Amino acid sequence: MNYRHAYHAGNFADVFKHTLLARILVHLAAKDTPFRYIDTHAGIGLYDLSRDEAKRTNEADAGIRRFLKAPRPQIMEALFQPYIAALKAVNGMEGLHYPGSPMIASCLTRPQDKIALAELHSDDVRALEKRFDHDRRIMVRAMDGWAALKAWTPPPERRGMVLVDPPFESANEFGQMLNGLANAYKKWPTGTFALWYPLKATGEVRRFVGDLVNLGLPKTLRMELVVETQGDSHRLLGSGMIVVNPPWKLKQEADIILPFLARALSDARTGHWKTEWLVGEGKVKKGGDEE
Ligand code: SAM
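Just so we're clear, the structure is a prediction, and the values are computed from it rather than from any experiment.

**Student:** Would you mind showing me how to read the overall build of the protein here?
**Tutor:** A count of helices and strands for the protein gives ten helices and eleven strands. What you see for the protein is a C-alpha radius of gyration of 18 Å, in line with the 19 Å of a compact globule of 291 residues. Principal-axis analysis of the C-alpha atoms places the extent of the protein at approximately 50 × 45 × 40 Å. Counting every atom, the protein has about 13,400 Å² of accessible surface; 51% of that belongs to carbon and sulfur. Computed over 40 positive and 35 negative side-chain charges, the separation of the two mean positions in the protein equals 5 Å.

**Student:** Can you walk me through the pattern of salt bridges in this structure?
**Tutor:** Oppositely charged side chains can form a pair if their charged atoms are brought close together. According to the stated counting rule, one finds 15 salt bridges in the structure shown. The salt bridge partner of Arg4 is Asp124, with a shortest N-O separation of 2.3 Å. Here Arg4, found in the segment before helix H1 (12-28), pairs with Asp124, found in helix H6 (residues 122-132); they are 120 residues apart in sequence, far enough to count as distant. Relative accessible area serves as the criterion here: at 9%, Asp124 is assigned to the buried category. Here Arg222 ties to Glu224 by a salt bridge, and the two come within 2.9 Å at their closest N and O atoms. Residue Glu224 is classed as buried on the basis of its relative accessible area of 2%. Among the charged side chains, a network of salt bridges with common partners joins Asp14, Lys17 and Asp165.

**Student:** Where do I start with the packing of aromatic side chains in this structure?
**Tutor:** Note on aromatic pairs: each is described by the distance of the centres and the angle between the planes. Under the defined criterion, the tally for this structure stands at eleven aromatic pairs. Every member of this aromatic cluster is reached through a ring pair, and the members are Phe168, Phe174, Trp196, Tyr197 and Phe208.

**Student:** How do you make sense of the packing of H1 against helix H4 (residues 74-89) when you look at a structure like this?
**Tutor:** Relative orientation and spacing of two packed helices are given, respectively, by the angle between their axes and the distance between those axes. Running from amino to carboxyl end, H1 crosses H4 at an angle of 100 degrees, the nearest separation of the two axes being 8 Å. What the angle tells us is that H1 and H4 run roughly perpendicular. Where H1 abuts H4, its residues Val15, His18, Thr19, Ala22, Arg23 and Val26 lie against Ala78, Leu79, Phe80, Pro82 and Tyr83.

Rules used in this analysis
- Residues numbered from 1 in each chain as written.
- Predicted model: local features only at pLDDT ≥ 70, side-chain atom pairs only at ≥ 80, totals over all residues.
- Heavy atoms only, no water.
- Helix = DSSP H or I, 4+ residues; strand = E, 2+ residues; numbered from the N terminus.
- Rg over C-alpha atoms; globule rule 2.2 N^0.38 Å.
- Areas by Shrake-Rupley, 256 points an atom, 1.4 Å probe, with all protein chains shown as cover.
- Lys, Arg positive; Asp, Glu negative; His and termini not counted.
- Charge placed at Lys NZ, Arg CZ, Asp CG, Glu CD.
- Salt bridge = Lys/Arg side-chain N within 4 Å of Asp/Glu carboxyl O.
- Buried < 20%, exposed > 50% of the residue type's maximum accessible area, 1.4 Å probe, protein only.
- Phe/Tyr/Trp six-rings, centres within 6.5 Å; stacked < 30°, edge-to-face > 60°.
- Axes fitted to C-alpha atoms, helices over the stretch in contact; angles between N-to-C directions.
- Parallel < 35°, antiparallel > 145°, perpendicular 65-115°, else oblique.
- Contact = heavy atoms within 4.5 Å.

Okay, structure coming up:
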């Protein structure tokens, strides 16, 4: 396990992932009944962007710092409000801190909701436990995310979501995602499943998407944001999120959010985006330069 999110926190992929995560949570919180948030690869929950790890890569410059500087038209304010509320909740006067997915979830859930976090790196687990030990709604476990996905579905609540956000440092993570989703969905067909994936100059995503279509789960939404068009097979050009059972307005919202992010976060206007129902309702929508 070499991947440490502290080197990447607040990069363009985080802005994309966390904006969509915040939208899903807000829709779940629109009904009074409790829901559960499950994070299979949780990270440490909060990142100080003035620390060495963040400064070593400066990835946040092309992500959250750029996002915060971009003028947002009025229509964007309501859509980004929950994400910005989470950013504000962790930022005082000094420097910039970036909320990871567990922190965003803790900001956007209510007293009746529950949060379950799995993380395998022992230092990160300790940091997570320390960060959330005051919050009785939050359970932190040092465990493998794929085992957590299996063990924690279905939760006692009928409603809720799982974020699956692995580091993609081993060859079989697309396969683990697919199998994990297929098994968990069978047990919890009312849950929302959000799967993040990297877009690189390889054919892996095409195969993954083909396999997802073959799974044939109802209502599978694919959303992607690409900020760079060229790079070797290791370079992150963009990222995507598959959402099974999305809130019904999510695609409509992503059709407004993603064109904005493509313009705000890409150099030389190379950014492009896509939303597409792989299974279920509707059509492909995309914009910017084509792949
Ligand atoms: N979800 C976090 C967020 O959005 O703030 C970022 C997660 S980061 C991309 C992936 C995390 O998975 C890392 O913190 C890494 O230590 C952890 N990890 C790696 N392998 C794991 C495994 N098998 N099970 C659980 N966590 C794992």
